[in-house]
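# Structural features, examined
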Amino acid sequence: QAIRNTVNGGSTFQSSSGRVNKDAESLLRWALPVQEKYIREIQANLEEITYDIRAFRWNAIENDVKKTIKVLDKKSDEIIKAVAEGKRDNANQVLESMRGRLDELKVLVAARSSDEVISLQRDILREVGRLEQMMIGKFPYEIPEEYKELPKLLGRAVVEMNFKKADGGKFDIEGELFKTAKMTMVVDGYNAPISAGNFVDLVKRGFYNKLEITRSDGFVVQTGDPAGDADGFIDPRTEKIRKIPLEIFARGDKTPTYGITLEDDGRASANTVLPFTSYGTMAMAREEFSADTGSSQFFWFLFEPDLTPAGRNLLDGRYSVFGYVVEGGFFLRDIKQGDVIVDAKVVAGLENFDGPKDVVQ
């Protein structure tokens, strides 16, 4: 079984200037079910620094920071109103921290300290993401009744995965050697609750521990094929391979589309909330001509401009994306077929898991 078998305003592939958003953390922020316009304006202003600094547009960066401070100073009350009840004290603390850090950022920008500006900008944006998640109350939509028996993730979770070389060697990343490789991934149940829930359930079961990488060809790195004849996870309750549906959330929709590709649904040009534009995008493998055949096999997509050109992505809408690598993605360059997953563990977000309670991680 293989893959075949605004930024401003939160655009999926590109902003009006044609830029592709490749930043996993940015994509995850824009994918949150949050509509509060002022926090989104702050996010867009801060993310613009990423593009301005590449061209050393320091005047533009100063303007980005100024605009951000202005919105925060004038609209903090509006932002807090959008936060779910019970989380507003924490939200106020985050806003205070952001305000202090923005003053620090202003100083670093004036000093033209590029590396320090980028580092602090990312820290502030992570606070923006925390604040946005506080604005989400109950899960925003109903999952179809026909999938009620499948595990679900009603929010997000963080998974860490460790790898070793099959021959006991070391990972070579541009000449730097590592005995083990470690990646951190965010799986997104807001936009792929069944795919993400299935993955979290299998991680909790230890299913991926000691499994080999079955494909690494410069296009994807794939795993999840267990030993034996079965090509997926055999559910002990049914003694059959657990199948999960194709699950695609198109931008502008209120719920995911299940069981059909966007192309077959007559929407081939629709943007997806979780696009294949970031190196290390995670998606479910399935049979080529059968949509609902995912189980345990998944892949990390190695971003390829020829396959994901600005404005026209050839994989979105065909496979269920359920998360992104946010740390350690560079290891995918040297994770090869036959290399081994040492272990995988859910390190945050288990409170969002809705599935078998008899499985202990």
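Every chain is numbered on its own, with residues counted from 1 as its sequence reads. Per-residue local features are limited, in this predicted model, to residues with pLDDT of at least 70; the limit for side-chain atom pairs, both in listing and counting, is 80 or more; totals at the level of whole chains, interfaces and linings are taken over all residues. Side-chain calculation: all heavy atoms of the structure are included, whereas hydrogens and water are not.

### Observations regarding the overall build of the protein chain
In terms of helices and strands, the protein chain carries six helices and 16 strands. With C-alpha atoms as the basis for the radius of gyration, the globule rule is written as 2.2 Å multiplied by the number of residues raised to the power 0.38. For the protein chain, whose C-alpha radius of gyration is 21 Å, the value lies close to the compact-globule estimate of 21 Å for 361 residues. Its C-alpha atoms give the protein chain principal-axis dimensions of roughly 60 × 50 × 40 Å. To sort residues, take the accessible area from a 1.4 Å probe on protein chains only and compare it with the maximum for the residue type: under 20% means buried, over 50% means exposed, and anything in between is partly exposed. Scored against the burial criterion, the 361 residues of the protein chain give a buried share of 53%. As presented, the protein chain carries roughly 16500 Å² of accessible surface, and 46% of it is formed by carbon and sulfur atoms. Secondary structure elements are defined from DSSP: runs of H or I of at least 4 residues count as helices, runs of E of at least 2 residues count as strands, and each element is numbered from the N terminus. Only the protein chains shown count as cover for residues, and the accessible areas themselves come from Shrake-Rupley with a 1.4 Å probe.

### Here we look at the pattern of salt bridges
Between side chains of opposite charge, pairing is possible as soon as their charged atoms come close. Criterion for a salt bridge: a side-chain nitrogen of Lys or Arg within 4 Å of a carboxyl oxygen of Asp or Glu. Within this structure, the stated rule accounts for 23 salt bridges. Taking the shortest distance from any N to any O, the salt bridge between Asp23 and Arg122 comes out at 3.1 Å. Residue Asp23 is located in the segment before helix H1 (24-30), and its partner Arg122 is located in helix H5 (residues 114-134); the two are separated by 99 residues in the primary sequence. The partly exposed category is assigned to Asp23, whose relative accessible area is 22%. Several salt bridges share partner residues, and in doing so they unite Asp23, Glu25, Arg122, Asp123 and Arg126 into one network.

### Focus on the packing of helix H2 (residues 37-54) against helix H3 (residues 58-81)
Relative orientation of the contacting elements H2 and H3 amounts to 165°, with a least axis distance of 9 Å. With respect to each other, H2 and H3 are oriented roughly antiparallel. Where H2 crosses over H3, the handedness of that crossing is left-handed. In contact with Tyr38, Ile39, Glu41, Ile42, Asn45, Leu46, Glu48, Ile49, Asp52 and Ile53 of H2, H3 contributes Trp58, Ala60, Ile61, Asp64, Val65, Lys67, Thr68, Val71, Leu72, Lys75, Glu78 and Ile79. Lines fitted to C-alpha atoms define the axes here, with helix axes fitted over just the stretch in contact, and angles between the N-to-C directions of these axes take values from 0 to 180 degrees. Working rule for angles: under 35 degrees goes down as roughly parallel, over 145 as roughly antiparallel, 65 to 115 as roughly perpendicular, anything else as oblique. It is the rotation of the near helix from the far one that decides the hand of a crossing: anticlockwise by less than a right angle makes it left-handed, clockwise makes it right-handed. Here a residue-residue contact requires only that any non-hydrogen atoms of the pair lie within 4.5 Å.

### A closer look at the environment of Phe56
Examined against the element boundaries, Phe56 turns out to sit in the loop between H2 and H3. What makes Phe56 exposed here is its relative accessible area of 57%. As for Phe56 and Arg112, which are separated by 56 residues in sequence, their C-alpha atoms are 8.9 Å apart.

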